[in-house]
Amino acid sequence: MNDSQHLSSQFDEDLSRLRSSVLQMGGLVETQISAAIDAYSRGEVASVKHIVETDRNVNDLEIAIDDDCAHLIAKRQPAASDLRLVFGISKIVTDLERAGDEAKKIAKGVRRIYEAGQMPSQYGIGVRHIAEAALGMLRQALDAFARLDTELAVKVIQADVDVDTEFKSIMRQLITHMMEDPRTITTSIDIIWIARAVERIGDHAKNVAEHVVFIVEGRDIRHPPKEAKA
Amino acid sequence: MSAPLIRALLLALLTAFVAWPVGHFVAPWAGWTLFSVGLGLQMVFHFRNFARLERWSRAPVVDSSLEGEGAWDGVFGRLYRHEKDLRAQIARRDEEIAMLIAAGQALTDGVVLLDQQNQIVYCNTTAEMQLGLVIGTDRGQPIVNLVRQPEFVAYLQGGDFARPLTLRSERNEERVLSIHVVPYAGNRRLMQIKDVTQSDRLDRTRRDFVANVSHELRTPLTVLAGFLETLQEIEVDHDEQARYLALMSEQSQRMESIVQDLLTLSSIESAPPPANDTVDMASLIDKLRRDAEALSGGRHNIVVETDGQGDLRGAEPELVSAFGNLISNAVRYTPAGGTIRISWHASAQGAEFAVQDTGIGIDPKHLPRLTERFYRIDRGRSRDAGGTGLGLAIVKHSLNRHQAQLEIRSVLGQGSRFAARFPASRVVGF
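A brief report on the enclosed structure follows. A quick note: this is a predicted structure, and the numbers were derived from the prediction, not measured. (Residues numbered from 1 in each chain as written. Chains lettered and ligands numbered in written order. Predicted model: local features only at pLDDT ≥ 70, side-chain atom pairs only at ≥ 80, totals over all residues.)

1. A short note on the overall build of chain A
Filter applied, for reference: Working definition: helices are DSSP H or I runs of at least four residues, strands are E runs of at least two. Numbering for both runs from the N terminus. Counting other C-beta atoms within 10 Å of a residue's C-beta gives its exposure: the residue is buried at 20 or more, exposed at 12 or fewer, and partly exposed in between, where C-beta atoms are placed from the backbone. Placing C-beta atoms from the backbone, we regard two residues as in contact once those atoms come within 7 Å.
Scanning chain A for helices and strands turns up seven helices and zero strands. Each helix and strand of chain A, placed in order from N terminus to C terminus, yields the pattern α-α-α-α-α-α-α. Taken across its 230 residues, chain A has 43% of its residues classed as buried. Long-range pairs, those at least 24 residues apart, make up 79% of the contacts in chain A with a sequence separation of at least 6.

2. Points about the sheet that holds strand E5 (residues 188-195) of chain B
All names here are of chain B. This is how it is decided: Two strands pair if DSSP finds at least two bridges between them. Axes, fitted as lines to C-alpha atoms, cover a helix only where it is in contact. Angles between the N-to-C directions of the axes lie from 0 to 180 degrees.
With antiparallel pairing, the five strands of this open sheet are ordered in space as E2-E1-E5-E4-E3. The outermost strands of the open sheet, each flanked by one partner alone, are strand E2 (120-123) and strand E3 (165-168). Direction aside, neighbouring strands of the sheet carry axes that sit 25° apart on average. Relative to E5, strand E1 (residues 110-114) is paired through five bridges, and the arrangement is antiparallel.

3. What about the pairing of strand E10 (residues 350-357) of chain B?
Residue and element names in this part refer to chain B. Residues Ala351, Phe353, Val355 and Asp357 line the buried face of E10, whereas the alternating positions Gly350, Glu352, Ala354 and Gln356 sit on a face that is not buried. Bridge count for strand E9 (residues 339-347) against E10 is eight bridges, and the pairing is antiparallel. Pairing of Ser343 across the sheet is with Ala354, part of E10. Hairpin connection between E9 and E10: a loop of two residues separates the two successive antiparallel strands. By the bridge criterion, seven bridges tie E10 to strand E12 (residues 415-423) in an arrangement that is antiparallel. Bridge assignment links Phe353 to a residue of E12, and that residue is Ala420.

4. Some thoughts on the environment of Thr388 of chain B
Residues and elements named next belong to chain B. Summarising the element assignment, Thr388 is placed in the loop between helix H11 (379-384) and helix H12 (391-401). Along the sequence, Thr388 and Asp261 sit 127 residues apart, while their C-alpha atoms lie 7.6 Å from each other. Aside from chain neighbours lying at most four places away, what touches Thr388 is Ser257, Ile258 and Asp261.

5. A short note on the interface of chain A and chain B
Put simply, the test is: Asp, Glu, Lys and Arg are counted as charged, while Ala, Val, Leu, Ile, Met, Phe, Trp, Tyr, Cys and Pro are counted as nonpolar; the rest, among them Gly, fall into the polar class.
Each partner contributes residues to the interface: chain A has 13 residues there, and chain B has 11 residues. Of all elements in the fold, only helix H1 (9-42) and helix H4 (121-147) of chain A reach the threshold of two or more residues within the side of chain A that touches chain B. For the side of chain A that touches chain B, the residue count by class is four nonpolar, five polar and four charged.

Pasting the structure below:
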């Protein structure tokens, strides 16, 4: 897992525990998002409350892990790849927490729609589709982190473009729909919020993948130069 | 001391014995020279063998044999054999391990072995697919890093493995997994993963069935209770009372027939394979025709088409009830004046019993689910016609027990044809 040999295995254990707790937090966010998608496509308003409550656990975990990172740096003064790992973890945790927030937003949007007696089904398929793609991205990003697999991480980064494209096409459809029938504006705006949150989840997954590349290779690929982007 | 060693020592002594008299009687320098030359020759011999051993030990291959000379031969031989035995043993062990791994791979359940820290030691291909693991890279990885679902983590860390954990697969939403952890060899753990998608679905069907039964029984019960209450609380005249009682007895009849059909169904399900009596089809069809005419009360034209050949092997009561059900359905769903055609044709290849009517017909979209318990196309109509919703389920079960297929063809508004096809093994008389 770690190339460098450590004299103290206690340190190794601390690092490995830190990694595991990040992934546990990731698991929590994954379930949260998956539950939000279910709530959206099946109209399970009952699960919204649970999703919102889980978000509190996610927040607590973020604070606890960040704290652990600070402690680890202070106590062990890690260097090189270990320091990168601790830094990377601290960033990943922030992105995970935000992805959790987006799941909460989706859940609340679902509640608004269904409580108004509306159904998101007309555009449900599109939004559901990108939601599943974004969740898949997050899952792969976390897998890449667990395995320190940069190849998979790069794949996740590339997949973000598809989610963005699909998000834009959903927006266009909804705008057309709102112009045709102004009565659907309230619901359509809620759907836009949800789609926006989904798109953000994709972005956070991409960020996590970028942090994985940083941890493994030590290079920052967050803002590539223009020609590399094309 | 072993013989080769003694021989080598004797040779050295012999040199001394030969050199000593020469040194004594000829000249001391001649004796010493002879002694040195003798010992030198022996050393060259030993050195050559040593070099050979040294060369071989760098890459101890067993196909080029290790051969020594003189005293070294025995030593080399034993060393060589020892090496060869070891290799054979390792090869056998390897084979055994490969067999065990192959056995693990052959399991249809997923298997994951975990060490004390819940790190993955081994998993088979099924488990790889079920949990999205890749054993090549994931060995030594804590399993909770990859299977991150909170329920699973809580289960594994909770340490209470009395009951398996049912988990919806994360990687494939449609699958339901049942995970059972068995501790072994101290603190190690074996995870057994079953795909229970099928039985999970069955469970749901069973729950639906119970809900349906309750609903079907409650409907007539509500009517009964309503009338009873009315009779208790309000004075009604004689005619009214008689009407109520008639309706009540009708409803209790309904409940009776539902319970009767449920009992029939459960007895068919749990019964041993049907008897192999020969059923006389000619008389059975005659009986069925008379029943049909009685049920129809002359409102339908009932036609029997048969060449009178061939009989069936099976349990007569079950066949009578299955065929009777098909005929009573035809009578019930065919308006007055329609035709009901009962046919029986048998050959050495098999036989077919069919009931064709000119009734209301069935929309094709209902056909696949028609034999499900309590499946109704039109709840009100079927109940008015006196159905329990279980008739075709019973027919299908009875026919299945006779290896027969129920084939339904129907055109809305033109009529339906229900055919029971029996395999050759069930037909006698050819």
